[in-house]
Amino acid sequence: MNANAGGAFLNAVLSKAQKACCSEVDRALIGARDDRFEASVIAMFTHEWRRQRGAGSPRRIAIVDDRPEEQYLYPEFVLARQLLLKHGLEAVIGDASTLKYEGGRLRLDGDEIDLVYNRLVDFALDGPEHAALRAAYQDGAVVVTPNPHNHALFASKRNLTLLSDPAALEAFGLSPELRSRLTGIPRTTLITPDNLDAAWQSRKDMFFKPLSGHGSKAVYRGDKVTKGVWAEIARGGYVAQSFAAPGQRMIEIDGAPAPRKMDVRLYTYDGQMLLAAARLYQGQTTNFRTPGGGFAPVLAV
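Analysis parameters
Residues numbered from 1 in each chain as written. Predicted model: local features only at pLDDT ≥ 70, side-chain atom pairs only at ≥ 80, totals over all residues. Heavy atoms only, no water. Helix = DSSP H or I, 4+ residues; strand = E, 2+ residues; numbered from the N terminus. Rg over C-alpha atoms; globule rule 2.2 N^0.38 Å. Buried < 20%, exposed > 50% of the residue type's maximum accessible area, 1.4 Å probe, protein only. Contact = heavy atoms within 4.5 Å. Lys, Arg positive; Asp, Glu negative; His and termini not counted. Charge placed at Lys NZ, Arg CZ, Asp CG, Glu CD. Pairing = 2+ DSSP bridges. Salt bridge = Lys/Arg side-chain N within 4 Å of Asp/Glu carboxyl O. Arc of directions from axis to C-beta.

1. Comments concerning the overall build of the protein
Thinking step 1. Helices and strands together make up the secondary structure of the protein, namely eleven helices and 15 strands.
Thinking step 2. Relative to a compact globule of 301 residues, whose C-alpha radius of gyration would be 19 Å, the protein shows 21 Å and is just as compact.
Thinking step 3. Seen along its three principal axes, the alpha-carbon backbone of the protein occupies a region of about 55 × 50 × 40 Å.
Thinking step 4. Looking at the protein as a whole, 42% of its 301 residues qualify as buried.
Thinking step 5. Of the contacts made within the protein by residues no fewer than 6 positions apart, 59% connect residues no fewer than 24 positions apart.
Thinking step 6. With 37 positive and 34 negative side-chain charges, the protein shows a separation of 4 Å between the mean positions of the two kinds.

2. Topic: the sheet that holds strand β8 (residues 188-190)
Two modes of strand pairing occur in sheets, parallel and antiparallel, and in both the strands are linked by backbone hydrogen bonds.
Thinking step 1. One open sheet holds the four strands; their spatial order is β8-β11-β9-β10, and the pairing between them is antiparallel. Each edge of the open sheet is held by one strand with a lone partner, namely β8 and β10 (220-221).

3. Some details on the pattern of salt bridges
Thinking step 1. If you walk through the whole model with that rule in mind, you get ten salt bridges.
Thinking step 2. Note that D263 and R279 form a salt bridge whose closest N and O atoms lie 2.8 Å from each other. Linking D263 in strand β13 (residues 256-269) with R279 in strand β14 (residues 272-281), this pair joins segments that are 16 residues apart in sequence.

4. Here we look at the sheet that holds strand β4 (residues 105-108)
Thinking step 1. Pairing in this open sheet of three strands is antiparallel, and the strands run β3-β4-β5 from one edge to the other. Sheet topology places β3 (100-102) and β5 (111-112) at the edges, where each strand pairs with a single neighbour.
Thinking step 2. Bridge count for β3 against β4 is three bridges, and the pairing is antiparallel. Of the residues in β4, the one forming a bridge with E102 is R105.

5. Looking at helix α5 (residues 131-138)
Thinking step 1. Those residues of α5 not exposed but buried are A132, L133 and A136. The arc that holds every buried residue of α5, seen down its axis, measures 95 degrees, which confines them to one face.
Thinking step 2. Once α5 ends, the next one or two residues include G140, with phi positive near 70 degrees.

Have a look at this one:
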């Protein structure tokens, strides 16, 4: 689960190219109709605003990240801004470190900001360069979405230790139906001094992921772990997850068939799916460097 998943705006544009093929593709694309996606996005920002402000809508939205123009997904920030502008919402793109919080107002380049569309991977806003945004968020001076509360509630990898524990779910009172739906989550445990030796012995069947990681950084497949990497994991802040082999699809590169690993990303808000996309890749973890890889449409057949 990811509280700040990139790619939705890019995949919405990608769907237009797919639908140009034929009406059959248009009907098969999952949740990607232009009008529905755009309406859902605008409703999402409006809902986030009203949850904290009660009524109305934000006047100015800032799409923020660290050095946004250097980010791989910067084109998506541009698409998001264009969509917001199209629907009458003033929107700007800015570096989170340049935000100023003075007099109870958060500002970017001197202009007051009502809502921050947060694309930072500093999920708790702990970095000193994000002090202004953190203070404004804590004081309720700006609506931030997604925010540290969202990440802790939905996206912290620590949550997987509970969601994959049948006994814990039963103790929480979840219905058998809901427990059954969660059985697809690979069993996940927090690495502690007490289970360190057992985790080392079973490492070949595990993936090790940092609690505060993102973008597959510092994620290790157990059968590739060296003693040096294990020393890093042993210091704590990691979960061990049972290995789940990714699906595969065959694609064509330069006229020759080639296998690519695959995962599916479902973009959702408030329990409703906005659209679906696949990521094709090769290697230990998902990436955008694989020839022939990247985002791909998901069709219902």
